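As a plain string of letters, each chain reads:
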Amino acid sequence: MMTNLFSVFDPTSSVLMLPLNWMSTFLGMMFLPMLYWAMPSRWSLLWTLITSTLHKEFKTLLGSSHFGTTLMFVSLFSLIVFNNFLGLLPYVFTSTSHLTMTLALALPLWVAFMMFGWINHTQHMFAHLVPQGTPGALMPFMVLIETISNVIRPGTLAVRLAANMIAGHLLLTLLGSTGPSLSATLISMLIIGQILLLILEAAVAVIQSYVFAVLSTLYASEVT
Amino acid sequence: MLSRLALRSVQEARPFLVAVRPTSTTAVNKATERDEVNFPRRARPVEPGKVRMGFLPEEWFQFFYSKTGVTGPYMFGVGLTTFLCSKEIYVMEHEFYTGLSIFVMAVYAIKKLGPGIANYLDKEIEDIEGSWVKYRQESVEGLKQAIEDEKKAQWEAEGQKILFDAKRENVALQLEAAYRERLATVHSEVKKRLDYQLETANVKTRIEQKHMVNWIVNNVKASITPAQEAAALKQCFADLKGLAPQSA
């Protein structure tokens, strides 16, 4: 029963005063293939193909500076994609639709990059505040604008992901909540509408996780 | 899924003990063979686990089979769902309709895209496995070929013995020929020497004889007195006359 429109996002479904719904964050671990055998199975091969494609993508973005940094971003991607995607299934809590979760992912990354960059490559960071080819008169404003855009980066990363997840779920919930009061023919229309929305949501789930990972990669590559 | 994991974990718990032992830091006898009967080696499953209706594991149906036969699990499923829905223990609210849409989508996607993706992945796995198997087989073939070549080389080496005999014979023949040639040379040389001696002796005899003849003749000529000479001539004339035809 929905008390209000946003109750679906309410993270307090607790058993024994333990908020167990947050355990859905680790549900993705059940889907990771067991790589015990040297010969791949179908799922492990598919997973290896996906992660190796991502690794190649991130490697080109990061440049050949730090071997192994792509591991963090590929695992970030897999965490977010599993959370987003499994959240679409009924009765699974979407942990990435909460700012607590997304900020917890974005903020440490950004703070770490900034601290590393400003302490170790101060000159470089200052240079980044003025893009190439700006006319001399505009430079102070450019610095201001770049600083602001830099500062809001963790916010944008977090809010983008959370808002996309919330929007999709909200639409599905709205459509679905009219279900109990509909006649049979209208239910079929409802199902069709929900299928279309779900296709969109599935795409958004994957895309948003990819965007998150790519942007954090870009922010990392900017610092070095 | 979890039942299968549970079954598997029972099987795997034991081999893990065996796997843990080799990493001990005390000096253990590393040559002990694995007890294959009690701790069988884990086999790689090639096919995915058997499921009915796409997601219900076959083991659950086997579990029911001994008590309720073939239709047991289906009756149990239908009965349970009917009970939950009718008693409103499971409320069909917005999540249910989302779930229904997902179910329709999933069935469609699996039926349409499933075989395609499965075939592509199987082909990739075949390539990987094939390359490993091919590498192994080619190594084996290469080694077998090496064995054959080695045997051939050994056979060729044995054939060398016949060559040695032939060569030995050849050399013996050559020696024999040389010996005979030298023998002939010796013979001819000796003959030459003897011929020379013979010739010199002949020449000496001839010269002696000639000399003797000349000496005798000269002496006879010298001993002929004029009276003898005239008497000889007269006799000759008389003989001639006597021989001349009685004509005239």
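Residues numbered from 1 in each chain as written. Chains lettered and ligands numbered in written order. Predicted model: local features only at pLDDT ≥ 70, side-chain atom pairs only at ≥ 80, totals over all residues. Heavy atoms only, no water.

As annotated in an unreviewed UniProt entry, chain B carries the name ATP synthase subunit b and is attributed to Penaeus vannamei. What UniProt records for chain B under Subunit (unreviewed entry) is the sentence "F-type ATPases have 2 components, CF(1) - the catalytic core - and CF(0) - the membrane proton channel. CF(1) and CF(0) have multiple subunits." On record in UniProt, under Sequence similarities (unreviewed entry), the comment for chain B is "Belongs to the eukaryotic ATPase B chain family." (UniProt positions renumbered as here; feature names shortened; annotations may be inferred.)

Chain A is annotated in an unreviewed UniProt entry as ATP synthase subunit a from Penaeus vannamei. What the UniProt record of chain A gives under Sequence similarities (unreviewed entry) is the line "Belongs to the ATPase A chain family."

A. Spotlight on the pattern of salt bridges. Residue and element names in this part refer to chain B. Using the criterion set out here, one finds twelve salt bridges over all chains in the structure. Among the ionic pairs, Glu-129 bridges to Arg-44, the shortest N-O distance being 3.9 Å. Taken together, the residues span a long stretch of sequence, with Glu-129 in helix H4 (residues 94-223) and Arg-44 in the loop between helix H1 (2-20) and strand S1 (51-52) at a distance of 85 residues. Given the relative accessible area of 25%, Arg-44 is considered partly exposed. Residue Lys-192 pairs with Glu-189 through a salt bridge whose shortest N-O separation is 3.3 Å. With Lys-192 and Glu-189 both in helix H4 and three residues apart, the pair spans about one turn of that helix. By relative accessible area, Glu-189 is classed as partly exposed at 29%. (Salt bridge = Lys/Arg side-chain N within 4 Å of Asp/Glu carboxyl O. Helix = DSSP H or I, 4+ residues; strand = E, 2+ residues; numbered from the N terminus. Buried < 20%, exposed > 50% of the residue type's maximum accessible area, 1.4 Å probe, protein only.)

B. Broad picture of the interface of chain B and chain A. On the side of chain A, 32 residues touch chain B, which itself brings 32 residues to the contact. There are one salt bridge connecting chain B and chain A. Taking the shortest distance from any N to any O, the salt bridge between A:Arg42 and B:Asp122 comes out at 2.9 Å. On inspection of chain B and its partner chain A, the count reaches five residue pairs in polar contact (both at pLDDT 80 or more). When contributions to the side of chain B that touches chain A are tallied by element, the ones reaching two or more residues are H1 and H4 of chain B. The greatest single-element share of the side of chain B that touches chain A, amounting to 20 residues, is contributed by H4(B). For the side of chain B that touches chain A, a count of residues per class yields 20 nonpolar, four polar and eight charged. (Contact = heavy atoms within 4.5 Å. Polar contact = N/O pair within 3.5 Å; in protein donor to acceptor, adjacent residues only side chain to side chain. Nonpolar A, V, L, I, M, F, W, Y, C, P; charged D, E, K, R; others polar.)

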